[in-house]
Amino acid sequence: MESPADLPALHASHSGCWLRNPRGTRGVGKGEAIMAAADTPLLMLNAPLVANRLGYPDLSGLDLLELYAFIHPARFVVPTPKGLAAVLDLPEPATDDAVPGFLQAAAERLLATTQADDWAEREGAWMAVEALARLRWPWAGLLAGRIRKPERAERWLFSRLPEWEEAPERPQPAQVLLDDAQVTARLAQLTGSGAEERPAQKAYARDAAATFAPRRAQRQPHVLLAQAGTGTGKTLGYLAPAALWAEQSGGTVWVSTYTKALQRQLRHESRRAFPPLRDGKPTVVVRKGRENYLCLLNLEDALQGGFQGRAAILAQLVARWAAYSQDGDMIGGDLPGWLGTLFRKRGIAALTDQRGECVYAGCPHYRKCFIERAARASASAELVIANHALVMVNAARGRDVAQRPTRIVFDEGHHVFDAADSTFSAELSGAEAIELRRWVIGPEGKSRGRRRGLAARLADVASYDDQGSEAITAARDAAEALPGEGWLARVIEGNPLGPVEELLAATRALVLSRDESGGQEAGYGLETEIALLDGPYIEVAGRAQEALADLRRPLVKLGLRLEALVEDGPDWLDGPARARIEGARSAIQWRCDLVASWERLLARLGGPADADYVDWLALERSEGREWDVALHRHFLDPMKPFAETVLAPAHGVMLTSATLCDRSSPDGPDWDGAIGRSGVQYLEVAPRLFSAESPFDFARQAEVLIVTDVPKGDVGALAAAYARLIAAAGGGALGLFTAIRRLRAVYGRIADRLAREGLPLYAQHVDPIDTGTLVDIFRDDPRASLLGTDALRDGVDVPGDSLRLVVMEQVPWPKPSILHRARRLAAQAAGGGSGQALDDRIIRARLAQAFGRLIRSADDRGHFVVLSAAFPSRLLSAFPQGTPVRRVTLDVALQTIAASVSAGAAASPVVLPDERPQDESIR
């Protein structure tokens, strides 16, 4: 049996490469490291990242992360030597040259686990190794001799997964009025007897409780807008009355977030407020869109030959995880975020229901489906944790009206506008149209996989109902007018096929002809407003509109036939068949609504503009490559459909955030803007307002430094400034960029230099690691720094010494898009001002959100740096009142940061490795 100590090991970072073999460890060049990896499989940690460091994308070997995913599926680990050392209880390697030896020790510890009697994830391992050996997985040979064959044959995954059970409908919740004493007592119970006294949190909880009172009239929900600064204790503040109301009324509260990070935090915090089970059912359920969950039918297809090569290995590792997963959530759940990045193709996405092709009860795994289990669990749960988009979609077209949310807390409420803007928009694009064609027709030509068209999904209906069969045939024939494979190449070459491709080709030509932005040379996406269109373009659009109408009509007819079938079903229509047809009806209705929105957009092209909408044409490009052509329609104010769809049916809605209101002056929050962006004006509801400042001492804990001598547009100077600032802080820096191109340029210039100083640097859009894992790595190492874009400006919770410096490359101006211009003009018309107020409000919100990453607890200290000499003074109110703000040169900023870090190091006790605080929320 080969020992890991005999295997050569490789570690590569920005500071160099180290190779260990039986003769010892030595530093090597990139060329020698690549040659060694080509000769024999090497032990390494995170092969894609090592390949990125070496500049050799075809690198492969014995990746310890793959072994960890096999041995401990559904267990969290930060994918670094430090993170692996922590979970395996091994000494952390102190230097880079010690990492290869550590990799050998970690491999030995992991392999030894398989021989331990208390290995918790033994079931299914022997069968999985047998399958992986046939796929020539490098670890299979080392595992085969260590995993003993079970005495009895192991059950296949699909027979081991538990089945969900049908449950009776819940009665309507009881009418409950929470009194202040009850709420305060429940909050005290949740915070604990030794908790710090927080008067603002108590007041916040009492106001939150008012949203659960009985509704006064139809379309008159109780609405609370709550601005509560960081540290107020918002989460427990609304969970206390939510738990009390759910317990007393028997109803369900939905808490909606914008980021997956807050969902994870909420899942952890909710353990205090809700028991794990009540009457044998879970009280707290996390709900996400279908595309987040493992599709068992897709997995079965992948395991039985649908995936080849490395993708097939991924499928086996996902199958291992599925047997131990809490809820089958592949995106932000307990599937390691780094697992998918170890495999070059988008295998994770292929294992989810990306296209809405679920056959519901027609699936052999329907009774074990993770998605269906979550949906049914949420129907009986006391708390459902979801995201803004799902709440809005569920309110708009949920299959079960009785289960639509009526008591909702929108945490990260400042993002509700953006979520509504995306949810209630329409986009007729090549990518969307080809997906619709695939959904109707199914596989064409040499297409592989389990994709099935309408005819295959509803074959029994077609054989039973002649009118339904005719509708399916008509829909399939009409879908031939939609773009097919290779549509983009044909459009670019000027050889479109069919009316919709002709429309896309005409749209592309029109956008290119009207462009005045200079974006053609820069490679950015281009757009132009829908105005002054010529006759030929309108004629092309008319033909496309007719083609879409020809598709929608048989789909509507098919939906009606399915409805009739359910109401007066034949003998063979049992419960599962009925559920499958109900699912098909819902999917057909969704497509009918989609096509109808496209028709309305095209009908507008030849007529006057609708004052409620903003319409434009776009050529989507990325890094100089065209990837889509689209016609867009957005509501001028997306809170109008939000009010009608979400607020009007609800009984109580709370929007809360630390940045819900604009702080246009130091005098306090701007409630007019927050009310306008809540949608209540469309229902003539007067919202309840709550405001509490952060309890943190910003005058002592933080400082804003506006650096005045970094030339704008000078990437070299920008990179040098970042490098010096990160070095002065000793790492722990979060760098925020408004452009990916500048982020990559800065990273490429400074990563090696900082690594030589022992300061690891990671970056979105550069490192082959998902954003959630990048944040985990950053949080775990106080000397690491992270560069990123908008996704890191909000929802990232990194308390303590791991984040002590935030650097923004420039003022985060809004993108001057057609949509933004229209909203700017509308704001100007409504307020009689210049329209600058809208830009300023957006910028102050972004600055406030970015600053909010810095101080997350009473013990945090840090600096917020903006590298912009032209920073307008009117934006300074974005920062919490009392925060010191100085305009300084870069040298002064460096001295200030270095002095603060030195003072903090002298005052802070040393934390030994075995005394590390455990932050369960990151799990």
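Per-chain numbering applies: the sequence of each chain, read as written, is numbered from 1 onward. Confidence filtering applies because this is a predicted model: local features only for residues at pLDDT of at least 70, side-chain atom pairs given and counted only at 80 or more, and all residues used for totals across whole chains, interfaces and linings. Side-chain numbers here rest on the full set of heavy atoms in the structure, without hydrogens or water.

**Thoughts on the packing of aromatic side chains**
Pairs were defined over the aromatic rings of Phe, Tyr and Trp, the Trp ring being its six-membered one, requiring ring centres within 6.5 Å. Orientation was assigned from the angle between planes: stacked under 30 degrees, edge-to-face over 60, tilted for the rest. A full pass over the atoms with the stated rule returns 14 aromatic pairs. Judged by centre distance (4.9 Å) and plane angle (15°), the ring pair of Tyr722 and Phe737 falls under stacked. Placement of the pair is Tyr722 in helix H31 (residues 715-729) and Phe737 in the loop between strand S22 (733-736) and helix H32 (740-756), with a sequence separation of 15 residues. You'll find Tyr722 and Phe737 in the same group, each marked buried. One aromatic cluster is present, formed by Phe696, Phe698, Phe851, Phe864, Phe871 and Phe879 through successive ring pairs. The rule is short: NZ of Lys or CZ of Arg within 6 Å of the ring centre and within 35 degrees of the ring normal puts a charge over the ring. Over the ring of Trp164 we find Arg367, and its NZ or CZ is 4.3 Å from the ring centre. The ring of Phe417 carries Arg677 above its face, with NZ or CZ at 4.1 Å from the centroid. Put simply, DSSP marks the helices as runs of H or I at least four residues long and the strands as runs of E at least two long, and each gets a number from the N terminus on. Throughout this description, buried means an accessible area under 20% of the type-specific maximum (1.4 Å probe, protein chains only), exposed means over 50%, and partly exposed covers the range between.

**Regarding the sheet that holds strand S16 (residues 625-635)**
Sheets are built from strands that pair by backbone hydrogen bonding, the pairs being arranged parallel or antiparallel. Pairs of strands are assigned from DSSP output, requiring at least two bridges between the strands. Read across the sheet, four strands follow the order S13-S16-S15-S14 without closing on themselves; strand pairing throughout is antiparallel. Pairing within the sheet leaves two strands with one partner each, and these edge strands are strand S13 (426-429) and strand S14 (526-529). If you compare each strand with its neighbour and ignore which way they point, the axes differ by 20° on average. Two strands pair when backbone bridges link them, and strand S15 (residues 613-622) and S16 are joined in this way by 10 bridges, in the antiparallel orientation. Residue pairing in the sheet places Glu620 in a bridge with Asp628 of S16. Axis geometry follows a simple rule: fit a line to the C-alpha atoms, using only the stretch in contact for helices, then measure angles between N-to-C directions, giving values from 0 to 180 degrees.

**Overview of the pairing of S16**
Among the 11 residues that make up S16, nine are buried, leaving the element largely enclosed by the rest of the structure. Two elements, S13 and S16, share four bridges in a ladder whose sense is antiparallel. By the bridge assignment for S16, Leu428 is matched with Leu631.

**Remarks on the sheet that holds S22**
With respect to topology, seven strands assemble into an open sheet ordered S23-S24-S22-S25-S26-S21-S27, the strand pairing being parallel. Lying at the two open borders of the sheet, with one neighbouring strand each, are strand S23 (761-763) and strand S27 (885-888). Ignoring which end each strand starts from, the neighbouring axes of this sheet average 20° apart. Summarising the sheet, S23 and strand S24 (residues 785-788) pair through three bridges and their orientation is parallel. From the neighbouring strand, Leu761 faces S24, where its bridge partner is Ser785. In what follows, residue pairs with any heavy atoms lying within 4.5 Å of each other are defined as contacts. In the packing of H31 onto the sheet, contacts are made with S22, S23, S24, strand S25 (805-808) and strand S26 (862-866), and the angle to S25 comes to roughly 170°. Seen against the sheet, H32 touches S23 and S24 and runs at an angle of roughly 160° to S23.

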